[in-house]
Amino acid sequence: MRILRAVVAAGCCAVSLSAAAQQPAAAPQEAPYKIEGGRVDQGTYNGYRRYGNSCERCHGQDGAGSSFAPSLVESLKHLTHEQFTEVVINGRQNVTTSQQNVMPPFGQVEDVVLYIEDIYGYLKARSDGALGRGRPQRVANQ
Ligand code: HEC
């Protein structure tokens, strides 16, 4: 029941994002976030929060990177949406360097899987330069 309620809650914001993601590659891609007058939509704000809970400890504040893991602001300039999703769900291990860099798989982590589109939207906004650092302001009445 708890899971069901979470899915319903995520449904309100994730629908338009996934619709944009399913457009054929040839069509111009709609941004997976909305920012009006410096304020973000609910999904992007939620992505910011989820990022802080699950990713920030390795990827740094605001996606800027750390000594543990790369800057996702930079990564999303070249990763496709599909590649992003694939790495987050399945994880990845870079064994070519002397140090092992492990991106854990989040496929079983409800708090990430349910909100992966929001996390992507938030990071894409950061990567596109549409959103600065720090806690974003939310659009009212959403
Ligand atoms: C325990 C530390 C850790 C956590 C937590 C973590 N990551 Fe990672 N992540 C890494 C490392 C290390 C790499 C680089 C792996 C490699 O080099 O193959 C990575 C790589 C990635 C990449 C690929 C970057 C690229 O340029 O190819 C993406 C996308 C990513 N992480 C997203 C996330 C998201 C989203 C979250 C939160 C849901 C998250 N990560 C949480 C450690 C972490």
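Our subject is the structure that appears above.
A quick note: this is a predicted structure, and the numbers were derived from the prediction, not measured.

A. The overall build of the protein, seen in detail. Scanning the protein for helices and strands turns up seven helices and five strands. Order of helices (α) and strands (β) in the protein, N terminus to C terminus: α-β-β-α-α-α-α-β-β-α-α-β. A burial count over the protein gives 37% of its 142 residues as buried. Taking as baseline every contact in the protein between residues at least 6 positions apart, the subset at least 24 positions apart corresponds to 58%.

B. A look at the nonpolar core. In terms of nonpolar packing, the biggest core is built from 21 residues, with Tyr 51, Phe 84, Val 88, Tyr 122 and Leu 123 touching the most fellow members. Elements with a contribution of two residues or more to this core: helix H2 (42-54), helix H4 (72-78), helix H5 (81-90) and helix H7 (116-127). The biggest single contributor to this core is H7, with six residues. Beyond its immediate sequence surroundings of up to four residues, Val 88 is in contact with Met 103, Pro 104, Pro 105, Phe 106, Gly 107, Val 112 and Ile 116.

C. How the structure looks around H7. The terminal C-alpha atoms of H7 lie 16 Å apart, and with 12 residues this matches the ideal 16 Å at 1.5 Å per residue to within 8%. Counting buried residues along H7, 12 of its 12 residues qualify, which places the element largely inside the surrounding structure. Where H7 is concerned, the buried positions are Ile 116, Glu 117, Asp 118, Ile 119, Tyr 120, Gly 121, Tyr 122, Leu 123, Lys 124, Ala 125, Arg 126 and Ser 127. One or two residues past the end of H7 sits Gly 129, with phi positive at roughly 80°.

D. Region of interest: the site of the ligand. In the neighbourhood of the ligand, 23 residues make up the surrounding shell, with Cys 55, Cys 58, His 59, Ser 75 and Met 103 lying closest. Side-chain polar atom of Ser 75 to an oxygen atom of the ligand: 2.6 Å apart, as the coordinates give it. Listed by contribution, the elements that provide at least two residues to the shell around the ligand are helix H3 (56-59), H4, H5, strand E3 (92-94) and strand E4 (101-103). Looking at side-chain class alone, the shell around the ligand contains 15 nonpolar, six polar and two charged residues.

E. Representation of the packing of H5 against H7 within the structure. Where H5 contacts H7, the axes come no closer than 11 Å and their chain directions differ by 125°. Compared by their axis directions, H5 and H7 come out oblique. The two elements H5 and H7 cross, and the hand of that crossing is right-handed. Contacts between H5 and H7 involve His 81, Phe 84, Thr 85, Val 88 and Ile 89 from the first element and Ile 116, Glu 117, Ile 119, Tyr 120 and Leu 123 from the second. Class assignment for the residues of the contact of H5 with H7 results in seven nonpolar, two polar and one charged.

F. Main features of the coordination of the iron atom of the ligand. Protein-derived coordination of the iron atom of the ligand comes from His 59 (NE2) and Met 103 (SD), at a distance range of 1.9 to 2.1 Å. Seen from the iron atom of the ligand, its six donor atoms lie at angles of 88 to 179°, and the figure they make is octahedral. Here Met 103 lies in strand E4 and His 59 lies in helix H3, a separation of 44 residues in the sequence. Look at His 59 and you get buried, because its relative accessible area is 9%.

G. Local environment of the sheet that holds strand E2 (residues 39-40). The strand order E1-E2-E5 describes an open sheet built from three strands, whose pairing is mixed. A single partner strand is all that each edge strand has here, and the edge strands are strand E1 (35-36) and strand E5 (137-138).

H. Representation of the packing of aromatic side chains within the structure. Applying the stated rule across the entire model yields four aromatic pairs. Taking the centre distance of 5.6 Å and the plane angle of 70° together, the rings of Tyr 48 and Tyr 122 count as edge-to-face. In this pair, Tyr 48 is assigned in helix H2 and Tyr 122 in helix H7, connecting sequence segments 74 residues apart. Taking the relative accessible area as the measure of exposure, Tyr 122 reaches 1% and is therefore buried. Each residue in the set Tyr 45, Tyr 48, Tyr 51 and Tyr 122 is aromatic and connected to the rest through ring pairs, giving one cluster. The aromatic ring of Tyr 115 is capped on one face by Arg 50, whose charged end is 3.9 Å from the ring centroid. For the cation-ring pair, Arg 138 lies above Tyr 45, with the distance from its terminal atom to the ring centre recorded as 4.0 Å.

What counts and what doesn't
Residues numbered from 1 in each chain as written. Predicted model: local features only at pLDDT ≥ 70, side-chain atom pairs only at ≥ 80, totals over all residues. Heavy atoms only, no water. Helix = DSSP H or I, 4+ residues; strand = E, 2+ residues; numbered from the N terminus. Buried < 20%, exposed > 50% of the residue type's maximum accessible area, 1.4 Å probe, protein only. Contact = heavy atoms within 4.5 Å. Core = buried A, V, L, I, M, F, W, Y, C linked by side-chain atoms within 4.5 Å. Expected span 1.5 Å × (residues − 1). Near = heavy atom within 4 Å. Polar contact = N/O pair within 3.5 Å; in protein donor to acceptor, adjacent residues only side chain to side chain. Nonpolar A, V, L, I, M, F, W, Y, C, P; charged D, E, K, R; others polar. Axes fitted to C-alpha atoms, helices over the stretch in contact; angles between N-to-C directions. Parallel < 35°, antiparallel > 145°, perpendicular 65-115°, else oblique. Left-handed = near helix turned anticlockwise from the far one by under 90°. Donors = N, O, S within 2.8 Å, 3.2 Å for Na, K, Ca; no water. Tetrahedral: all angles 85-135°; square planar, octahedral: opposite > 155°, others 65-115°. Pairing = 2+ DSSP bridges. Phe/Tyr/Trp six-rings, centres within 6.5 Å; stacked < 30°, edge-to-face > 60°. Lys NZ or Arg CZ within 6 Å of the ring centre and 35° of its normal.

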